[in-house]
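Residues per chain are reported as follows:
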Amino acid sequence: MDPIIDLESDTYFMREALRLATKAFELDEVPIGAVVVRAGQIIARAYNQVELLTDATAHAEMLAITQAEAAVGDWRLGDCDLFVTKEPCAMCAGALVHVRMRRVIFGCADDRSGAAGGMINLLQNPALNHRCAVTAGVLANECGSLLQTFFRKKRRPDQNEQ
């Protein structure tokens, strides 16, 4: 039986992911946040920590997956949903398929490197052993605006001090 999609809860959980993305922004990390939900409860929370941990794999999604696996006691997350503020990259999408994430809900699309339909769709590739249900565009404007502000600040650091 497919889970009932409740757009109000999608918005609620995406707001939590956005709160975590804001924390990443404050730490000068690319502002992406993620939460993993199981049975209506958040079991993992993460934000990008690539610079902080000097680890290219420390994306919000990867860190949230690791936390969720610990919470569940298994690497299989087939009854879990991931909420993330930006469309996952190929690395993260591959991991989401591997852990059999039931559903991936993201905020803003990434046409250049997104792997949930942007550049490629790994999450629903019929050649892979699992396909995730995907919901795109939840709080897209808020998620996209935070990223735009971050990268605008990075491109023009001298103008941000005024």
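Residues numbered from 1 in each chain as written. Predicted model: local features only at pLDDT ≥ 70, side-chain atom pairs only at ≥ 80, totals over all residues. Heavy atoms only, no water.

1. Quick word on the packing of aromatic side chains
A complete count under the given rule lists four aromatic pairs for this structure. Note on Tyr 12 and Phe 13: the rings are 5.1 Å apart at their centroids and 75° apart in plane angle, and the pair reads as edge-to-face. The buried category is assigned to Phe 13, whose relative accessible area is 8%. Residues Phe 150 and Phe 151 carry aromatic rings whose centres are separated by 5.1 Å and whose planes lie at 80° to one another, so their mutual orientation is edge-to-face. Judged by relative accessible area, which is 3%, Phe 150 ranks as buried. Joined through ring pairs, the aromatic side chains of Tyr 12, Phe 13 and Phe 83 make up one cluster. (Phe/Tyr/Trp six-rings, centres within 6.5 Å; stacked < 30°, edge-to-face > 60°. Buried < 20%, exposed > 50% of the residue type's maximum accessible area, 1.4 Å probe, protein only.)

2. Quick word on the pattern of salt bridges
Scanning the entire structure with this criterion turns up eight salt bridges. Linking Asp 79 and Arg 38 is a salt bridge whose minimum nitrogen-to-oxygen distance equals 2.9 Å. Taken together, the residues Asp 79 in the loop between helix H3 (60-72) and strand E3 (80-86) and Arg 38 in strand E1 (residues 33-38) connect sequence positions 41 residues apart. Relative accessible area serves as the criterion here: at 32%, Asp 79 is assigned to the partly exposed category. Taking the shortest distance from any N to any O, the salt bridge between Lys 86 and Asp 110 comes out at 2.9 Å. Pair noted here: Lys 86 is in strand E3 and Asp 110 is in the loop between strand E4 (103-108) and strand E5 (133-136), with a separation of 24 residues, a long-range link. In this structure, Lys 86 and Asp 110 share a single accessibility class: buried. Bridged by salt links that share partners, the residues Glu 16, Arg 19 and Arg 45 form one connected network. (Salt bridge = Lys/Arg side-chain N within 4 Å of Asp/Glu carboxyl O. Helix = DSSP H or I, 4+ residues; strand = E, 2+ residues; numbered from the N terminus.)

3. Section: the sheet that holds E5
With mixed pairing, five strands are arranged side by side in an open sheet as E2-E1-E3-E4-E5. Looking at strand neighbours, the two that pair on one side only are strand E2 (41-47) and E5, the edges of this open sheet. Each neighbouring strand pair of the sheet contributes to a mean axis angle of 15°, computed without reference to strand direction. Two strands pair when backbone bridges link them, and E1 and E2 are joined in this way by six bridges, in the antiparallel orientation. Counted as the bridge partner of Val 35 is Arg 45 from E2. (Pairing = 2+ DSSP bridges. Axes fitted to C-alpha atoms, helices over the stretch in contact; angles between N-to-C directions.)

4. Focus on the nonpolar core
One finds Met 14, Val 36, Leu 82, Met 101 and Leu 123 to be the most contacted residues of the largest nonpolar core, which totals 49 residues. Of all the secondary-structure elements, those providing two or more residues to this core are helix H1 (7-26), E1, E2, H3, E3, helix H4 (90-98), E4 and helix H5 (140-155). Among the elements that line this core, the one with the most residues is H1, at eight residues. (Core = buried A, V, L, I, M, F, W, Y, C linked by side-chain atoms within 4.5 Å.)

5. A word on the packing of H3 against H4
In the contact formed by H3 and H4, the axes pass within 9 Å of each other and the chain directions differ by 25°. Overall, the two elements H3 and H4 adopt an arrangement that is roughly parallel. Along this stretch, H3 crosses H4, giving a crossing that reads as left-handed. Across the interface between the two elements, Glu 61, Met 62 and Ile 65 from H3 touch Met 91, Cys 92, Ala 95 and Leu 96 from H4. (Parallel < 35°, antiparallel > 145°, perpendicular 65-115°, else oblique. Left-handed = near helix turned anticlockwise from the far one by under 90°. Contact = heavy atoms within 4.5 Å.)

6. Focus on a positive patch on the surface
A cluster of basic side chains, namely Arg 112, Arg 152, Arg 155 and Arg 156, defines a positive patch on the protein surface. Tracing the chain through its elements places Arg 112 in the loop between E4 and E5. (Patch = residues over 30% accessible without salt bridge, like charges linked within 9 Å, V, L, I, M, F, W, Y side chains within 5 Å. Areas by Shrake-Rupley, 256 points an atom, 1.4 Å probe, with all protein chains shown as cover. Lys, Arg positive; Asp, Glu negative; His and termini not counted. Charge placed at Lys NZ, Arg CZ, Asp CG, Glu CD.)

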